[in-house]
Amino acid sequence: MNKRAFTLAEVLITLGIRAFTLAEVLITLGIIGIAAAMTIPVLTNKYQQKALEAQFKKSYSNLQTAINNVNSDNGIPYECYTLKYGGNYHYNQCNEFWPKVLEQYKTIRLCGNWKAKECRPKYKSKTEVIAAGGSIIGQACSFPIDSHYAYNLNDGSIIYLYNGPESGYNNHNSLFFGFDVNGKKGPNKWGYDLFYLNLYKKNEKAAVLGLTAVCELIEKGGQSAEEIMLK
């Protein structure tokens, strides 16, 4: 007696299971593809956001440690801060303070002014941020980041000082600075990997801290530094 092998379709029919037609399979695959196309970008964006938040906290911690070390070595906080409330500027020692903070990183590269494009990303201006649906907290964002001195640090971050030590100037603009947590890697957007910070004291006895500035630019979908630090 010859035995014939059953096809998959015959087995499914015997079991009461109807085989899918090619059209049904293609429709199912299409639905899965559409769902994946809608879900994957969302998951990717969330992952990138979490990664940038972790980078910000790490770079912020490195900067805070450098600031604390400099002030500890000096015995008292350098006079380079504004009071938390009242806008009382103390900047007469900023030209001493900032070089010592930068020295804490051991390896830095001065990028110079806006012409040195090979070591600094391109960022949106205040006008461009607002035009693209972003927001601004405070109005002291008059100085474009491209006019700042850029210091590429050994942890991959960049500090932008409007009056870097090389400028020879010493005024209250030294208290406010840009901070890119991952340099040229991107996305190079305000409220994502780029922030304005400032040096302030809560009161006359507190240590100098690098925290969110009186000016914050936040591109659409971004966050303030406070929002990240509270997570």
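Enquirer: Give me the overall build of the protein: which residues, what numbers.
Expert: Across its full length, the protein carries five helices and ten strands. The 231 residues of the protein split such that 37% are buried. Nonlocal contacts in the protein, meaning residues at least 24 apart in sequence, comprise 62% of its contacts between residues at least 6 apart.

Enquirer: Would you mind going over the state of the cysteines in detail, with residue names and values included?
Expert: Under the criterion given, the structure shown has one disulfide. Residue pairing for Cys80: its cysteine sulfur links by disulfide to Cys94, the two sulfurs lying 2.1 Å apart. Judged by the sign of its S-S torsion, about 100°, the bond between Cys80 and Cys94 is right-handed. One end of the pair, Cys80, is in the loop between helix 2 (22-74) and strand 1 (81-83); the other, Cys94, is in helix 3 (residues 94-103), and 14 residues separate them in sequence. Relative accessible area serves as the criterion here: at 1%, Cys94 is assigned to the buried category.

Enquirer: How would you summarise the nonpolar core if you had to cite specific residues and measurements?
Expert: Leu63, Phe97 and Trp98 are the most contacted members of the largest nonpolar core, which has 30 residues in total. Listed by contribution, the elements that provide at least two residues to this core are helix 2, strand 1, helix 3, strand 5 (149-153), strand 6 (158-161), strand 7 (176-180), strand 8 (194-201) and helix 5 (225-229). By residue number, the principal contributor to this core is helix 2, which donates six residues. Non-local contacts of Phe97, meaning those with residues more than four positions away in its chain, are made with Ile67, Val70, Asn71, Tyr78, Cys80 and Leu199. Within the second largest apolar cluster, 13 residues are counted, among which are Cys111, Tyr160, Leu194 and Leu217.

Enquirer: I'd like to hear about the packing of aromatic side chains, residue by residue, with values.
Expert: Scanning all chains against the criterion turns up ten aromatic pairs. Measuring from centroid to centroid gives 4.7 Å for Phe56 and Phe195, while their planes differ by 55°, and the two rings are tilted. With Phe56 in helix 2 and Phe195 in strand 8, this residue pair connects regions lying 139 residues apart in the sequence. Classification of Phe195 as buried rests on a relative accessible area of 4%. Grouping aromatic residues by their ring pairs yields a cluster made of Phe56, Tyr60, Phe179 and Phe195. Lying across the ring of Tyr192, Lys189 places its NZ or CZ 4.3 Å from the centre.

Enquirer: Explain a nonpolar patch on the surface to me, and be specific about the residues and the numbers.
Expert: A cluster of nonpolar residues, Leu26, Leu29 and Ile32, forms a patch on the protein surface that exposes about 310 Å² of accessible area. Within the secondary structure, Leu29 is located in helix 2.

Enquirer: Describe in detail helix 3, supporting the description with residues and values.
Expert: An α-helix turns once every 3.6 residues. As a result, residues three or four positions apart point the same way. Along helix 3, the residues that are buried comprise Cys94, Phe97, Trp98, Val101 and Leu102. For helix 3, the arc enclosing every buried residue in end-on projection is 125°, short of the 170-degree limit, so these residues lie on one face.

Enquirer: Give a description of the pairing of strand 6 that names residues and reports values.
Expert: Of the two faces of strand 6, the one holding Ile158 and Tyr160 and the one holding Ile159 and Leu161 are both buried throughout. Of the pairings in the sheet, the one linking strand 5 to strand 6 comprises four bridges and is antiparallel in character. By the bridge assignment for strand 6, Asn152 is matched with Ile158. The antiparallel pairing of strand 5 with strand 6 creates a hairpin that spans four residues between the two strands, and Gly156 there sits at a positive phi of about 95°. Sheet topology note: the strand 6/strand 7 ladder contains four bridges and is antiparallel. Its bridge partner being in strand 7, Ile159 is matched across the sheet by Phe179.

Enquirer: If you had to explain unusual backbone geometry to someone new, which residues and values would you point to?
Expert: In this model, Gly186 is joined to Pro187 through a cis peptide bond whose omega is 10°. Look at Asn188: it is not a glycine, yet its phi comes out positive at around 60°. One can find Asn188 in the loop between strand 7 and strand 8.

Reading guide: rules and limits
Residues numbered from 1 in each chain as written. Predicted model: local features only at pLDDT ≥ 70, side-chain atom pairs only at ≥ 80, totals over all residues. Heavy atoms only, no water. Helix = DSSP H or I, 4+ residues; strand = E, 2+ residues; numbered from the N terminus. Buried < 20%, exposed > 50% of the residue type's maximum accessible area, 1.4 Å probe, protein only. Contact = heavy atoms within 4.5 Å. Disulfide = S-S within 2.5 Å. Core = buried A, V, L, I, M, F, W, Y, C linked by side-chain atoms within 4.5 Å. Phe/Tyr/Trp six-rings, centres within 6.5 Å; stacked < 30°, edge-to-face > 60°. Lys NZ or Arg CZ within 6 Å of the ring centre and 35° of its normal. Patch = residues over 30% accessible without salt bridge, like charges linked within 9 Å, V, L, I, M, F, W, Y side chains within 5 Å. Areas by Shrake-Rupley, 256 points an atom, 1.4 Å probe, with all protein chains shown as cover. Salt bridge = Lys/Arg side-chain N within 4 Å of Asp/Glu carboxyl O. Arc of directions from axis to C-beta. Pairing = 2+ DSSP bridges.

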